[in-house]
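# Coordinate analysis (summary)
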Amino acid sequence: MDPTGMDLTGAAYWLPIVWAVLAATAIFIYVVLDGFDLGLGMLFLAEPDKKHRNIMVQTIAPVWDGNETWMIFGGAALYGVFPNAYATILPALYLPVLIMLFALIIRGVAFEFRSRMHTQQAQNLWDIGFCGGSLVASLMQGIILGTLVSGIRIEDNKFAGSSFDWLAPFPIFCGLAVACGYALLGATWLIWRTASDLQTTMRKWAGILSVAMLVMIAAVSAWTPALHVTYMQHWTTWPRILYVAPVPVAVIALAILMLQALRGKTSRRIPFFCALGWFFLSFSGLGINIWPYIVPPSMTIWQASSPPASQKFLLAGTVFLLPLILAYTAYAYHVFRGTVNEHSESYH
Amino acid sequence: MTGADAIFLARLQFAFTVGFHIVFPAFSIGLAAFLAVLEGLWLKTDKQVYLDLFHYWLRAFSIVFGMGVVSGLVMSYEFGTNWAQFSQKAGPILGPLLGYEVMTAFFLEAGFLGIMLFGMNKVGKKLHFFATCVVSLGTLISMSWILSSNSWMQTPRGYSIEPGTGRFIPQDWWAIVFNPSFPFRLVHMALAAFLSVAFIVGGVGAWHLLRARRAGRQPTEAVRVMFSMAMWMAALVGPLQILAGDAHGLNTLKYQPAKIAAMEGDWDSEGYAPELLFGIPDMKNETTHYKIAIPYAGSLILTHSLSGKVPGLKDYPKDQRAPSYVVFFSFRIMIALGMLMAATGLFSLWLRRKGTLWSNPLLLRTALILTPAGFIALLCGWVTTEVGRQPFTVYGLLRTADSASPVPGASIATTLAIFVVLYVIVFTSGISILLRGFAEEPHRDQAGPDARQPQRAASMASAISDTAASGHTGSANPGSGE
Ligand code: HDD
Ligand code: HEM
Ligand code: HEM
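Residues numbered from 1 in each chain as written. Chains lettered and ligands numbered in written order. Predicted model: local features only at pLDDT ≥ 70, side-chain atom pairs only at ≥ 80, totals over all residues. Heavy atoms only, no water.

## Observations concerning the overall build of chain B
Looking only at helices and strands, chain B has 15 helices and 6 strands in total. For 482 residues, the compact-globule estimate of 2.2 N^0.38 gives 23 Å, and the C-alpha radius of gyration of chain B, at 24 Å, lies within 12% of that figure. Each principal axis of the C-alpha distribution contributes one length, and for chain B these read about 75 × 50 × 40 Å. For chain B, buried positions account for 61% of its 482 residues. Long-range contacts, defined here as pairs at least 24 residues apart, represent 78% of the contacts in chain B between residues at least 6 apart. On chain B, roughly 18400 Å² of surface is accessible, and the fraction owed to carbon and sulfur atoms is 67%. Distance between charge centres in chain B, computed from 35 positive and 28 negative side chains, equals 6 Å. (Helix = DSSP H or I, 4+ residues; strand = E, 2+ residues; numbered from the N terminus. Rg over C-alpha atoms; globule rule 2.2 N^0.38 Å. Buried < 20%, exposed > 50% of the residue type's maximum accessible area, 1.4 Å probe, protein only. Contact = heavy atoms within 4.5 Å. Areas by Shrake-Rupley, 256 points an atom, 1.4 Å probe, with all protein chains shown as cover. Lys, Arg positive; Asp, Glu negative; His and termini not counted. Charge placed at Lys NZ, Arg CZ, Asp CG, Glu CD.)

Shown next as structure tokens:
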């Protein structure tokens, strides 16, 4: 079942597949890592206690830069490996991409600036920036995803739609879903990393957000197949249904686990990993849906690819470097492990 | 809005955002190296003053680095938002280079930054020093990759052009990475970063020395040490930069002679050419007005011989000439500042011998005035390089006009306006935080950055021990000073 009629053993066929898997992995890592720190940002203003806010920030201060680097990696990989997709998606989604970047700038500097302010008002202003920036960036990421899934018009290898194609019900709903999911990741991360009052508040938030997220997963799952015939076929034709059928079952299993963990006050990690599980399932469901397109409905990963010489050159290094990166990133998390509270050593 | 306007806006936006970005990485490159040296000296000599200086500059580093990251994130998507056609064609070559930059540099910096900033008490001294060195190494690796990319756009090698699509297909990665202008640009840029930071450190030091003098008290040891270190750098790197710049210019003459013609404001190619100190290039009438020239110097500088032939703009068709009235001036500002900085460095050597390094008012005032000089020269250098290669994005092969994205001018204008507002806010806040930090005199048991409530608990303790331990009478109150 080869849509391009290419030589199935040639590098031009398998390199894009390898890269599609690698790129999907990188995006997933980004979603997880930056997801919880954007989510933490969104919950920031919901927590009025200044001491608690400082603890929240302290749980991510040593790692947020690394989290954001995965996004830079995503951009660079797309540019080098799937340049046609890079050159189509970014102009097509020009406004949401730039709004997202603006939001990330504000939130990134707010992070550094807030604690250096002299007056309470100035600090409050940057706190709002931190929260608002996180919210807007999350919404835009969801909108970008939603627009991509609903399809981008291409003519002549170039984007041919309008500047506001993304302002449609499905993308906006995806924006809300992603923001809600990130907030859940943030809340469950804080359950893991903090204690006492703050943890109790976050358990409450996690409960509310879990329910909201379940509803949104269901809604998006029902909505997506209605967007394109090919998506519908993935859910109804044999044997593809085999891949997608276990997804809803697993989502429900995780939901049960999550609610139990939130109710019993003991387990601190399980909620975070349940939330991760939901993300993983939604993400793979999405991947199965759009495969082998990178810009649905018309550009496949093969059409988007750079020549094999480029993909090979980058792959040669990636094979060694990616495991190394994962190893020292894990080490950095390890150094700053443990529960953070008012009395824990202020990092300096 | 016409296509030409949209392209102009896209260029303006790109230039504005990259011009903003470059300042912070250059700052990080220089400062990270300085921090590694300070920590190394501390470990070796066990002198408190080096640790104090390390903490003092580490606080600035966390701000500068953060601003470098957020403005860099923008850059990595702007190739696609602003230059989609360029990305499609040159992506196969430049994309993998950027990919390697992320994997060999950005992750490395990010992975060890947390430990460098906050990990001193968690991992032990040796490992902490290792983290500092890794971050510094990361900034240098990052600089190398991005300059390789940029140099490839100036002097492309190792590619073939795919018929039909016009894509650049990589043929020889070694030739791509080590293209002819890369080594020159790398050295020149690295020196620029070191020199810029030397003058920041020197300027802050000079200010505290002047203040102590006015107050009639002794400056702290930390201030003297940092001023002295900065002046050593200026004395060494300043003259080196002139040599590196000269070599770079010769390389440009060889590979991009049209750029040299624009930089020099020369219209006719000739031997025994003068060097213009001043003039106003006029693209329309093909002449340069109000010339002030040194006879023969042009040939001498560019070809190292009196009779050497230098290129003129008239050698090139009108649609291949870079706007001389921009690069003529940016180039001269860079050179003038470079000379001034080198002279300051040499002057400091002389005063050092006389023993008045820390008290000579002329040196201190010059160093204070020249605080931003490195960054201004650096920006002027980039304007020269980038504007001078117009009207091409890939020199001689791909025109700027054929590089743009299909994005309407109105969208670009709107986002450009937002960028300007946002960057002005971010820049002024960042600078004022830095300045507030610099207003505090580095003192004994200096506090470093704090992830939670910076400098509250930590510097309360240090303020007490500071007043107890040394006769420090600094005006800033470290407890609230940050
Ligand atoms: C790796 C690529 C790269 C790098 C490192 C830089 N630039 Fe650049 N620059 C470009 C890639 C580029 C470009 C994409 O190729 C542009 C856009 C349009 C063009 O002609 O070149 C450009 C244009 C461009 C222009 C507009 C030229 C004109 O309109 O005539 C200016 C003023 C600058 N840049 C300035 C800078 C500065 C100050 C930089 C340093 C920090 C810099 N660029 C680094
Ligand atoms: C248009 C071109 C550029 C792009 C796409 C770009 C991209 C980026 C990105 C994404 C970052 C953040 C990395 C992190 O998370 O640590 C960054 C930082 C950095 N950039 Fe750039 N950059 C560009 C121009 C330059 C130039 C011209 C230089 C210098 C020669 C440079 C040197 C650096 C360095 C050393 C850092 C790390 C230090 C820091 O983050 O402050 N970059 N760049
Ligand atoms: C007085 C001595 C100097 C000379 C002769 C000199 C020469 C040059 C030349 C010829 C170029 C253009 C390269 C091109 O055509 O692409 C250049 C670019 C540049 N200069 Fe200088 N320069 C000097 C001083 C400085 C100083 C003091 C700084 C900064 C502190 C600086 C920073 C830069 C930068 C950042 C660039 C752009 C990057 C590059 O192309 O290397 N220069 N310089």
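## As for the overall build of chain A
When helices and strands are counted, chain A shows 14 helices and 4 strands. Taking 348 residues into account, the globule formula puts the C-alpha radius of gyration at 20 Å, and chain A, at 21 Å, falls close to it. Considering chain A as a whole, with its 348 residues, one finds that 58% of them fall into the buried category. Relative to all contacts within chain A whose residues are 6 or more apart in sequence, the contacts with residues 24 or more apart total 79%. Averaging the coordinates of the 18 positive side-chain charges in chain A and doing the same for the 16 negative ones gives two points 9 Å apart.

## Here we look at the site of ligand 2
Lining the immediate surroundings of ligand 2 are 27 residues, of which B:His21, B:Ser28, B:Gly72, B:Glu109 and B:Ser142 lie closest. At a separation of 2.9 Å, an oxygen atom of ligand 2 approaches a polar side-chain atom of B:Ser28. When residues of the shell around ligand 2 are traced back to their parent elements, those giving at least two are helix H3 (64-81) of chain A together with helix H1 (3-45), helix H2 (48-82), helix H3 (84-118) and helix H5 (125-154) of chain B. Sorting elements by how many residues they give to the shell around ligand 2 places H2(B) first, with 8 residues. Considering only residue class, the shell around ligand 2 consists of 17 nonpolar, 8 polar and 2 charged. (Near = heavy atom within 4 Å. Polar contact = N/O pair within 3.5 Å; in protein donor to acceptor, adjacent residues only side chain to side chain. Nonpolar A, V, L, I, M, F, W, Y, C, P; charged D, E, K, R; others polar.)

## So, the pattern of salt bridges
Applying the stated rule across the entire model yields 7 salt bridges over all chains. Across the pair B:Glu440 and B:Arg59 runs a salt bridge whose closest N-O atoms are separated by 3.2 Å. Of this pair, B:Glu440 sits in the loop between helix H14 (409-439) and helix H15 (457-469) while B:Arg59 sits in helix H2, placing them 381 residues apart in sequence. Per residue, the accessibility class of B:Glu440 equals that of B:Arg59, and both read buried. Linking B:Arg167 and B:Glu162 is a salt bridge whose minimum nitrogen-to-oxygen distance equals 3.1 Å. Each of A:Arg53, A:Arg114 and A:Asp127 takes part in one network of salt bridges that share partners. (Salt bridge = Lys/Arg side-chain N within 4 Å of Asp/Glu carboxyl O.)

## Comments concerning the packing of aromatic side chains
If you walk through the whole model with that rule in mind, you get 52 aromatic pairs over all chains. The interplanar angle of 15° and the centroid separation of 5.5 Å between the aromatic rings of B:Tyr100 and B:Trp145 together place this pair among those described as stacked. Note that B:Tyr100 is positioned in helix H3 and B:Trp145 in helix H5, a separation of 45 residues in sequence. You'll find B:Tyr100 and B:Trp145 in the same group, each marked buried. Taken together through their ring pairs, the aromatic side chains of A:Phe102, B:Phe16, B:Phe20, B:Phe24, B:Phe419, B:Tyr423 and B:Phe427 make up a single cluster. A cation sits over an aromatic face here: B:Arg332 above B:Phe328, 3.7 Å from the ring centre. Here the basic side chain of B:Lys354 rests over the ring of B:Trp350, its NZ or CZ set 4.7 Å away from the ring centre. (Phe/Tyr/Trp six-rings, centres within 6.5 Å; stacked < 30°, edge-to-face > 60°. Lys NZ or Arg CZ within 6 Å of the ring centre and 35° of its normal.)

## What about the interface of chain A and chain B?
Between chain A and chain B, the contact holds 72 residues from the first and 81 residues from the second. Together chain A and chain B conceal approximately 7200 Å² of surface at their shared face, both sides included; 71% is due to carbon and sulfur atoms. (Buried area = accessible area lost by both parts, 1.4 Å probe.)

## Focus: unusual backbone geometry
Both trends apply: most residues other than glycine have a negative phi, and most peptide bonds are in trans. Residues and elements named next belong to chain B. The step from glutamine 390 to proline 391 runs through a cis peptide bond, and the omega angle for that step is 5°. On the secondary structure map, proline 391 appears in the loop between helix H13 (373-388) and strand E5 (392-394). Backbone geometry places aspartate 46, a non-glycine residue, at a positive phi of 65°. For aspartate 46, the location among the structural elements is in the loop between H1 and H2. Residue aspartate 46 is classed as exposed on the basis of its relative accessible area, which comes to 58%.

## Considering the coordination of the iron atom of ligand 1
In this structure the iron atom of ligand 1 is ligated by exactly one protein donor, B:Glu386 (OE), at 2.7 Å. Within the secondary structure, B:Glu386 sits in helix H13. (Donors = N, O, S within 2.8 Å, 3.2 Å for Na, K, Ca; no water.)

## Observations concerning the confidence of the model for chain B
All names here are of chain B. In this model, chain B carries a mean pLDDT of 84, and residues with pLDDT of at least 70 account for 92%. Here residues 452-482 scores under 50 on pLDDT; set against residues more than four positions off or in separate chains, the count is 53 contacts. The complex prediction reports pTM at 0.84, with the ipTM value standing at 0.78. (pLDDT = per-residue confidence, 0-100.)

## Section: the pairing of strand E4 (residues 287-294) of chain B
Residues and elements named next belong to chain B. Pairing analysis gives 6 bridges linking strand E3 (residues 275-282) to E4, with the strands arranged antiparallel. Following the sheet pairing, isoleucine 280 is matched in E4 by histidine 289. Linking E3 to E4, which pair antiparallel, is a turn of 4 residues; within it glutamate 286 sits at a positive phi near 55°. (Pairing = 2+ DSSP bridges.)

## Concerning the side chain of B:Thr384
All names here are of chain B. When you line up the elements, threonine 384 lands in helix H13. The buried category is assigned to threonine 384, whose relative accessible area is 3%. Among the polar contacts listed, one links the side chain of threonine 384 to the backbone oxygen of cysteine 380, at a separation of 2.7 Å. The contact partners of threonine 384, leaving out residues within four places of it in the chain, are Lys259, Met263, Val327, Ser330 and Phe331.

## Some words on the packing of helix H2 (residues 50-60) of chain A against helix H6 (residues 120-150) of chain A
Residue and element names in this part refer to chain A. Their axes nearest at 13 Å, the elements H2 and H6 cross at an angle of 50°. The pairing of H2 with H6 is recorded here as oblique in orientation. Crossing hand, H2 versus H6: left-handed. Of H6, the residues touching H2 (which contributes Lys50, Arg53 and Ile60) are Gln120, Gln123, Asn124, Asp127 and Phe130. When its residues are assigned to classes, the contact of H2 with H6 shows 2 nonpolar, 3 polar and 3 charged. (Axes fitted to C-alpha atoms, helices over the stretch in contact; angles between N-to-C directions. Parallel < 35°, antiparallel > 145°, perpendicular 65-115°, else oblique. Left-handed = near helix turned anticlockwise from the far one by under 90°.)

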